[in-house]
There are 2 protein chains.
Amino acid sequence: MNLPLAPTDEPPQLRADAARNRTLLLDAASRLLSGCGAADLTMESVAAAAGVGKGTVFRRFGDRAGLLIALLDHREKQLQAAFLSGPPPLGPGASAADRLHAFGPAVLRHERDHHPLILASRTDPLRNYAVPALHLRINHIAMLLRQADVPGDPELLAHTLLGSIDTALVHHLTTERGMPLERLEEAWHHLVTRLGAPA
Amino acid sequence: MNLPLAPTDEPPQLRADAARNRTLLLDAASRLLSGCGAADLTMESVAAAAGVGKGTVFRRFGDRAGLLIALLDHREKQLQAAFLSGPPPLGPGASAADRLHAFGPAVLRHERDHHPLILASRTDPLRNYAVPALHLRINHIAMLLRQADVPGDPELLAHTLLGSIDTALVHHLTTERGMPLERLEEAWHHLVTRLGAPA
DNA sequence: ACTTTAAGCGGACCATGGTCCGCTTGATTG
DNA sequence: CAATCAAGCGGACCATGGTCCGCTTAAAGT
């Protein structure tokens with residue numbers, strides 16, 4: 001760990017050279033990533049490809065997971081836009097219940113496309129919960145649950161719902177156990193319906 | 001990875017010296033563990049404390065996670081005995097619904113006691129699903145769900161239920177978010193009730 | 001422009017997980 | 001008991017994530 005400043009966030013203002021190197025590194029990593037598996041992406045190779053020293057990578061991203069998460073964050077923006085401000089039923093405009101139903105499949109598809117990176121970024125099991133993207137999802141779901149008057153603890157239910165479509169779980173079920181994605185979508189709908197049904 | 005024999009299992013029969021070294025290693029690891037955090041347990045120190053070479057540790061346990069899981073497996077036996085053959089309501093003798101209700105708190109308590117090791121053993125997010133102990137839990141819950149005539153996909157519901165009391169999640173919620181364990185237990189009961197309630 | 005200073009940089013260095021391969025030894029067979 | 005041989009062993013070796021610290025430089029003040 002090595003975050004000498006700004007207690008919880010990245011310092012909002014990077015010096016010009018630092019900002020340049022940051023995008024240089026992100027680009028280099030992306031480029032390397034499309035030529036090999038995420039597992040083969042070494043910090044040193046990224047630094048070399050970006051033409052900077054290894055120390056710079058660590059200074060900027062903290063550790064390997066940090067780099068991968070930053071890479072992921074970028075791709076995640078699309079999904080976030082879709083459920084925060086995109087068209088219904090995922091975005092605002094539909095009922096909370098409909099938005100909940102739409103959320104699962106959307107995340108499932110997003111994870112299908114990005115699971116190698118997502119899985120590679122998860123070395124520390126606790127780190128996941130610190131990822132801003134996850135927080136956003138949790139809060140969003142919790143909000144929808146409240147809007148839909150679903151009984152129970154909204155925050156915990158949100159965690160439970162998201163847990164049921166967690167990348168690692170889904171990957172395990174689809175590859176090791178041969179379950180089709182449709183079965184998982186069905187289970188999502190069942191779960192949402194079940195939790196939302198009037199007592 | 002380094003499992004030269006027996007495709008999916010440990011070879012059931014270890015040579016005498018190998019078996020001896022295995023328990024030597026497990027003991028040494030246990031001993032070291034009670035003197036420092038799991039994070040400080042290095043493979044080399046375990047080997048040294050057991051009086052064997054480093055290669056032997058890897059040959060026996062595959063990798064670090066394998067060693068930690070083996071350590072855990074031993075402690076897990078108690079919990080397994082409790083829900084497989086212990087007294088009701090956790091063990092057989094109570095209704096399936098009652099057993100389900102009892103299961104959450106039991107796991108929660110078990111995880112409270114062992115979370116440092118459990119978390120340390122989780123480096124590869126996919127590896128978890130290969131742990132025999134987890135399989136056992138999943139199958140057990142799925143069976144109870146069927147017995148209780150809970151509607152929906154028993155296997156997926158089992159994953160969802162267990163996910164809601166996953167060690168990493170619980171640790172995050174109790175330490176980062178300051179939630180008392182009671183709140184998690186309540187949520188468990190709510191979830192079980194909700195899923196089991198007649199449509 | 002000149003000074004100042006803290007952010008940034010880089011690459012030598014360290015720790016540790018994991019591999020390899022030649023040697024040793026417990027089991028098995030006759 | 002001798003011979004055989006696969007399982008086991010150990011420690012040198014390698015790859016890589018992560019740290020450290022002296023040097024450089026962008027940026028803000030005067």
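What you see is a predicted model, and the numbers here were worked out from it, not measured in a lab. Sequence order as written defines residue numbering, which begins from 1 separately in each chain. Here the convention is simple: chains get letters from A, ligands get numbers from 1, in the order in which they are written. The model is predicted, so local features are restricted to residues of pLDDT at least 70 and side-chain atom pairs to those at 80 or more, both for listing and for counting; the totals for chains, interfaces and linings are taken over all residues. To get the side-chain values, all heavy atoms of the structure are used, and hydrogens and water are removed first.

A word on the UniProt feature "domain: HTH tetR-type" (unreviewed entry) in chain A
Okay, step 1: UniProt positions are given in the numbering used here, feature names are shortened, and annotations may be inferred rather than shown by experiment. On the UniProt side, "domain: HTH tetR-type" (unreviewed entry) is annotated at positions that read residues 19–79 of chain A here.
Okay, step 2: Runs of E in the DSSP output that reach at least two residues are strands. Runs of H or I that reach at least four are helices, and both are numbered from the N terminus. Between the end C-alpha atoms of residues 19–79 of chain A the distance is 25 Å, and the span holds 77% helix and 0% strand.

Details of the confidence of the model for chain A
Okay, step 1: A residue's pLDDT is the predictor's confidence in that residue, given on a scale from 0 to 100. Taken over all residues, the pLDDT of chain A has a mean of 93, while the share at 70 or more is 93%.
Okay, step 2: We call two residues contacting when some pair of their heavy atoms lies within 4.5 Å. Here residues 1–10 of chain A is modelled with pLDDT under 50, and outside its nearest four sequence neighbours on either side it reaches 6 contacts, counting other chains as well.

Focus on the side chain of B:H171
Okay, step 1: Relative to the helices and strands, B:H171 is located in helix 8 (residues 167–176).
Okay, step 2: Residues contacting B:H171, with those up to four places away along its chain left out, are A:L126, B:H115, B:L119 and B:E176.

Quick word on the interface of chain A and chain B
Okay, step 1: Of the residues lining the interface, 35 residues belong to chain A; the matching set on chain B comes to 35 residues.
Okay, step 2: The largest contributions to the chain A side of the interface with chain B come from A:Y129, A:L156 and A:R194, which together make up 21% of the buried area.
Okay, step 3: One side-chain nitrogen of Lys or Arg within 4 Å of one carboxyl oxygen of Asp or Glu is enough to make a salt bridge. At the surface where chain A touches chain B, the tally comes to 4 salt bridges.
Okay, step 4: The definition of a polar contact used here is a pair of N or O atoms within 3.5 Å, where within protein one atom must be able to donate a hydrogen and the other to accept one, and adjacent residues in sequence count solely through side-chain atom pairs. Put simply, chain A and chain B have 12 residue pairs in polar contact (both at pLDDT 80 or more) between them.
Okay, step 5: Among the elements of the structure, helix 7 (154–164), helix 8 (167–176) and helix 9 (181–196) of chain A are those that each provide at least two residues to the side of chain A that touches chain B.
Okay, step 6: Each residue belonging to the side of chain A that touches chain B can be placed in one class, and the counts come to 18 nonpolar, 10 polar and 7 charged. Buried area: the sum, over both parts, of the accessible surface (1.4 Å probe) that disappears when the two are put together. Residues are grouped as follows: Ala, Val, Leu, Ile, Met, Phe, Trp, Tyr, Cys and Pro are nonpolar; Asp, Glu, Lys and Arg are charged; every other residue, Gly included, is polar.

Here we look at the domain arrangement of chain A
Residue and element names in this part refer to chain A.
Okay, step 1: Here the bounds of each domain stem from an automatic or database domain assignment. Domain assignment breaks chain A into domain 1 (16–62) and domain 2 (65–196).
Okay, step 2: Spacing between the C-alpha centres of domain 1 and domain 2 amounts to 28 Å.
Okay, step 3: Contact with domain 1, which involves 10 residues of that partner, is made by 9 residues of domain 2.
Okay, step 4: Interface area for domain 1 against domain 2, summed over the two sides, is near 700 Å², with a carbon-plus-sulfur share of 83%.
Okay, step 5: Looking at the side of domain 1 facing domain 2, the largest losses of area belong to L33, A38 and F61, adding up to 52% of the total buried there.
Okay, step 6: The tally of links from domain 1 across to domain 2 stands at 0 salt bridges.
Okay, step 7: Applying the counting criterion to the domain 1 and domain 2 interface returns 0 residue pairs in polar contact (both at pLDDT 80 or more).
Okay, step 8: Those elements that provide at least two residues to the side of domain 1 that touches domain 2 are helix 1 (16–33), helix 2 (43–50) and helix 3 (54–61).
Okay, step 9: Of the residues forming the side of domain 1 that touches domain 2, the biggest block, 4 residues, is contributed by helix 1.
Okay, step 10: Of the residues belonging to the side of domain 1 that touches domain 2, the class tally is 9 nonpolar, 1 polar and no charged.

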